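# Descriptive structure summary
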Amino acid sequence: MKAVVVTTPGGPEVLRVQEVEDPEIKDDEVLIKVEATALNRADTFQRKGLYPPPPGSSQYLGLECSGTIEAVGKHVSRWKVGDQVCALLSGGGYAEKVAVPAGQVLPVPPGISLKDAASFPEVACTVWSTIFMMSRLSSGETLLVHGGSSGIGTFAIQIAKYRGVRVFVTAGSEEKLAACKELGADVGINYKTEDFVTRVKEETGGKGVDVILDSIGQAYFKCNLDSLAFDGRLFVIGTLSGAVSEIDLRVVLSKRLTIQAAGLRYRSPENKAVIVREVEENVWPAIVAGKVKTVVYKRFPLSEAAEAHQLMETSQHIGKILLFP
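No experiment lies behind these values; they were computed from the predicted model shown.

This part is about the side chain of Gln 104. Tracing the backbone shows Gln 104 in the loop between strand 6 (97-101) and strand 7 (105-107). With relative accessibility at 2%, the residue Gln 104 sits in the buried group. Apart from residues lying up to four places away in sequence, Gln 104 is in contact with Cys 86, Ala 87, Leu 88, Leu 89, Pro 269, Lys 272 and Val 276.

What follows is the structure, given as structure tokens:
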């Protein structure tokens, strides 16, 4: 099969399409003929040699895909050859075929094209497992999402609104904020021209927000704690600005704050399967009802993976970037 190979750690130019061995499936896996895969920021870190795949996983990039099942392992009962699916991967999406544990596979939601379904698994599983399963975000609460126009952000806005949450976002341009508002965000904050702590306090009558979803890390850590209400929860899913920060525990104590962090890729297959089933149960109905839509910024052929990575690293995009084999 053809796959995008990282020829040596480095910039986007190190990505090359090459002929490689087809994946072999284990008894509890399915083989998917890939229709589309989607870029995630983690792919750019792996390309640079900073984010290795978990032991035993595909060495190729790609944390999600959509496609058609070509083969099933002997312990797989739910899925059959010919099923149209999308899947959460530990790697291997930038290829014509990928093997994936059956528990990480989802049906393509009715009304969504097979290609566009590739935009859902990673964002849906990340957002649901963090702010809902762990931070217990609930109807009537407030959520602040940093990077509201990202793939994660555009999804989080929609599912939070569907569940009765008031949504604040930060983004770096008026165009991105307008896109977030169109998806349902209640308050948009341009972090280049405004202090988000001040704005959050203004919009909440001085209280702060209940939950923050943050991929920035160090640069926002203190401001995030200042932006939280009593019993607030900060969930960190990335460290784009750095990973080391100081903390004044008195702030955490006095406001009864919770600081949480988690990634998706290194979780066990069993743990991922639990998340995937929860997503199918709680998120898929919102997609079927048209309350959560795909937000796809641009589509590239697999042979232009380098151009797709260049686009992602400019941060000009709104929503997801897809690759088609």
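Next, the rest of the story.
Before going further, it helps to spend a moment on the sheet that holds strand 13 (residues 258-261). Note: strands within a sheet are paired through backbone hydrogen bonds, in either parallel or antiparallel orientation. Pairing in this open sheet of six strands is parallel, and the strands run 10-9-8-11-12-13 from one edge to the other. Both outer strands of the open sheet, strand 10 (187-190) and strand 13, are each paired with one neighbouring strand and no more. Direction aside, the axes of adjacent strands within the sheet are offset by 15 degrees on average. Seen against the sheet, helix 2 (residues 121-132) touches strand 8 (142-146), strand 11 (209-214) and strand 12 (228-236) and runs at an angle of roughly 140 degrees to strand 11.

So, about the domain arrangement of the protein chain. When its domains are assigned, the protein chain resolves into domain 1 (2-119 + 265-323) and domain 2 (135-261). Opposite the 16 residues of domain 1 that make contact, domain 2 presents 14 residues. Taking both sides of the interface into account, the surface hidden between domain 1 and domain 2 amounts to around 1200 Å²; carbon and sulfur atoms contribute 68%. In terms of surface lost to domain 2, no three residues of domain 1 exceed Val 292, Val 295 and Ile 318, which account for 37% of the buried area on that side. Between domain 1 and domain 2 we count zero salt bridges in total.

Moving on, we get to the packing of aromatic side chains. Here the structure, examined in full by the defined rule, presents five aromatic pairs. Plain terms: the ring middles of Phe 196 and Tyr 220 are 5.0 Å apart, the flat faces sit at 55 degrees to each other, and that makes the pair tilted. Taken as a pair, Phe 196 in helix 5 (residues 196-203) and Tyr 220 in the loop between strand 11 and helix 6 (221-227) lie far apart in primary sequence, 24 residues in all. On the basis of relative accessibility, which here comes to 5%, the residue Phe 196 falls in the buried class. Using a relative accessible area of 14% as the deciding quantity, one classes Tyr 220 as buried. Among the aromatic residues, ring-to-ring pairing joins Phe 120, Phe 155 and Trp 284 into one connected group.

What counts and what doesn't
Each chain carries its own residue numbering, running from 1 in the direction its sequence is written. For this predicted model, a pLDDT threshold of at least 70 governs which residues receive local features, and a threshold of 80 or more governs which side-chain atom pairs are given and counted, while totals over whole chains, interfaces and linings are taken from all residues. Hydrogens and water are ignored here; the side-chain numbers use all heavy atoms of the structure. Starting at the N terminus, helices and strands are each numbered in turn, a helix being any DSSP run of H or I of at least four residues and a strand any DSSP run of E of at least two. Whether a residue is buried, partly exposed or exposed follows from its accessible area with a 1.4 Å probe, protein chains only, as a fraction of its type maximum: under 20%, in between, or over 50%, in that order. Contacts: residue pairs with any heavy atoms within 4.5 Å of one another. When DSSP finds two or more bridges between two strands, those strands count as paired. Orientation is described by lines fitted to C-alpha atoms, with helices fitted over the stretch in contact, and by angles between N-to-C directions that extend from 0 to 180 degrees. Residue ranges labeled as domains rest on an automatic or database domain assignment. Accessible area that two parts lose when put together, evaluated with a 1.4 Å probe and summed over both, is termed the buried area. The working definition used for a salt bridge is a side-chain nitrogen of Lys or Arg within 4 Å of a carboxyl oxygen of Asp or Glu. Only the six-membered ring of Trp is used, alongside the rings of Phe and Tyr, when aromatic pairs are assigned; centres must lie within 6.5 Å, and planes under 30 degrees apart are stacked while those over 60 apart are edge-to-face, with the rest tilted.

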